[in-house]
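Working through the structure, step by step
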Amino acid sequence: MAKTTKKNVQVPLETVLWNCRVALRGIGSTEKNRDAVIGLVFLKFAGDKFEKRRAELIEQYGEIPAFLEKVSFYNAVNVFYLKETARWSYIVKNASANDIAVIIDQAMADIEDSNPPLKGALPLNLFATLGADKSKIKDLIDNVNQISEERFKEEDLIGRVYEYFLQVYAASGTKEDGEFYTPACVVKLIAEMIEPYSGVVYDPCCGSGGMFVQSLKFVDRHNGNRQKVSIIGQESNPDTWRLCKMNLAIRGIAHNLGDTNASTFTNDLHKDKTVDYIMANPPFNLKGWRAEDALTDDPRFMRAGYSVMPPVANANYAWILHMLSKLDVNHGVAGFLLANGALNASDAEGTLRKEILERDRVEAIIVLPRDMFYTTDISVTLWIVNMNKKACTVNGRQLRDRTNEVLFMDLRSWDSNIEEIVIDKGKRKKKKKTVFTDEQIAEAKTIYNNWQSSDTTLYANIPEICQSATLDEIRSNNYSLAPS
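Values in this document were obtained by computation on a predicted structure and should not be read as measured data.

1. Overview of the nonpolar core
- Residues Phe-42, Ile-104, Phe-127 and Phe-165 are the most contacted members of the largest nonpolar core, which totals 70 residues.
- If sequence neighbours within four positions are ignored, Phe-42 has contacts with Phe-80, Leu-118, Leu-122, Tyr-162, Met-246, Ala-249 and Ile-250.
- Within the second largest apolar cluster, 51 residues are counted, among which are Ala-191, Val-333, Met-372 and Ile-384.

This is the structure in structure tokens:
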């Protein structure tokens, strides 16, 4: 018995998570398996939190049902109340039952029923239609059951586990399958650049919620107050919308993603909302985002004073104009990713780029290395737009007047740090992706902050890395934003 216990303890978390993934191998689609695994992990973590809170209530009040079953006693400390049939202990006890798929589906429905903020968030009727026999589901339950804070002493086990599954399922899928996930290091870079300490953080295409998670991790890293940050967003894909709600809910992050999934362009769920920060990774070069004659009188576009509409064939500038329309006109800042083609596209997009630059909204253009993303191997660009580039104090830093200036950074040479993601051990199938180290993120942030600083001795152009350009120089280059 002692030897067995020792062996179990030595199994690393990555092995346990890998076993969770392969439990359903060959059963359904990548997307369905992703939702099944992540849904079951949600049940496990929700169950652990519930049991911990229940033990506290027993210690405080004793075995009194009126207290133990009082929903508000759980919700008050960010814990979901669970009926007996929705508790992880009940799932484990019935793991070998012939109708275990139905039991899990009922547990999901019961959690939603008891916790209105989760309405529509969990995968309903998924396990009964998954096509997995009871032995496969039991195997998955047994593996998920090994994920516990008692066993793995990690500061943020929930975050680590969710990040792992979101990453590997994004890496395993097709281009469309992977669009729900932005690499964590890229999101961290955006957060460090725009510094969302307090106010409303918005993502118009929020995927699985990585931007929101990293914005709050930024606050934690810098000893800020999470209560000063509000999260709003929306997502068009219904499965991804549910994934995001689960991801945020299990981490205890309050949010407003609307009552359902919806297209940001045709059904803006936050139409009259002004925000302080935007973090976003829109689908690259999205086609057919509107009908040919649609949205022409929309206040985000031509009615906002732009002379042309973003073309139907590419939504890149539609995303830019939409985000500009949301930002607080006095201090709003956004960091978002776009395909590099937006830097010097011509025709309508060229006209819009000229008009955005003449309004002096672009603060920095940062080109990233190739092969950082799961949906494409191309290099993409981080845009930082700022509604107020005049001298001011931001988070204790004295900033100079950057009117009619843009900082260009070309980080394509920062490509030496490679992360290997195992897709299938048996077939030796792996994906290699470029990732930024914390040191590289800190260096990029330092260059940007030094350029902004009122102490002009801190910044100097670095050949092949960064250069400050005036609007006159950009005009002379036909309003191109390509660093080269």
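2. Concerning the state of the cysteines
- The full count for this structure, using the stated rule, is zero disulfides.
- In this structure Cys-205 is a free cysteine whose sulfur lies 7.8 Å from that of Cys-206, the closest cysteine sulfur available.
- A relative accessible area of 11% means that Cys-205 is categorised as buried.

3. A closer look at the environment of Glu-31
- Positionally, Glu-31 belongs in helix α3 (residues 30-61).
- Glu-31 gets classed as partly exposed once you look at its relative accessible area, which sits at 28%.
- In this structure, the C-alpha to C-alpha distance between Glu-31 and Arg-160, residues 129 residues apart in sequence, is 20 Å.

4. A short note on the packing of aromatic side chains
- The final tally for this structure, using the stated rule, is 18 aromatic pairs.
- Measuring from ring centre to ring centre gives 6.0 Å for Phe-42 and Phe-80, while their planes differ by 35 degrees; the resulting arrangement is tilted. Pair noted here: Phe-42 is in helix α3 and Phe-80 is in the loop between α5 (71-75) and α6 (88-93), with a separation of 38 residues, a long-range link. Neither Phe-42 nor Phe-80 differs from the other in exposure class; each is buried.
- Note on Tyr-164 and Phe-165: the rings are 5.2 Å apart at their centroids and 80 degrees apart in plane angle, and the pair reads as edge-to-face. The two residues Tyr-164 and Phe-165 agree in class, both being buried.
- Three or more aromatic residues link up through ring pairs in this structure, and these residues are Phe-265, Trp-289, Phe-301 and Trp-319.
- Looking at Arg-400, its charged tip hangs above the ring of Trp-451, at a distance of 5.2 Å from the centre.

Rules used throughout
Residues numbered from 1 in each chain as written. Predicted model: local features only at pLDDT ≥ 70, side-chain atom pairs only at ≥ 80, totals over all residues. Heavy atoms only, no water. Core = buried A, V, L, I, M, F, W, Y, C linked by side-chain atoms within 4.5 Å. Buried < 20%, exposed > 50% of the residue type's maximum accessible area, 1.4 Å probe, protein only. Contact = heavy atoms within 4.5 Å. Disulfide = S-S within 2.5 Å. Helix = DSSP H or I, 4+ residues; strand = E, 2+ residues; numbered from the N terminus. Phe/Tyr/Trp six-rings, centres within 6.5 Å; stacked < 30°, edge-to-face > 60°. Lys NZ or Arg CZ within 6 Å of the ring centre and 35° of its normal.

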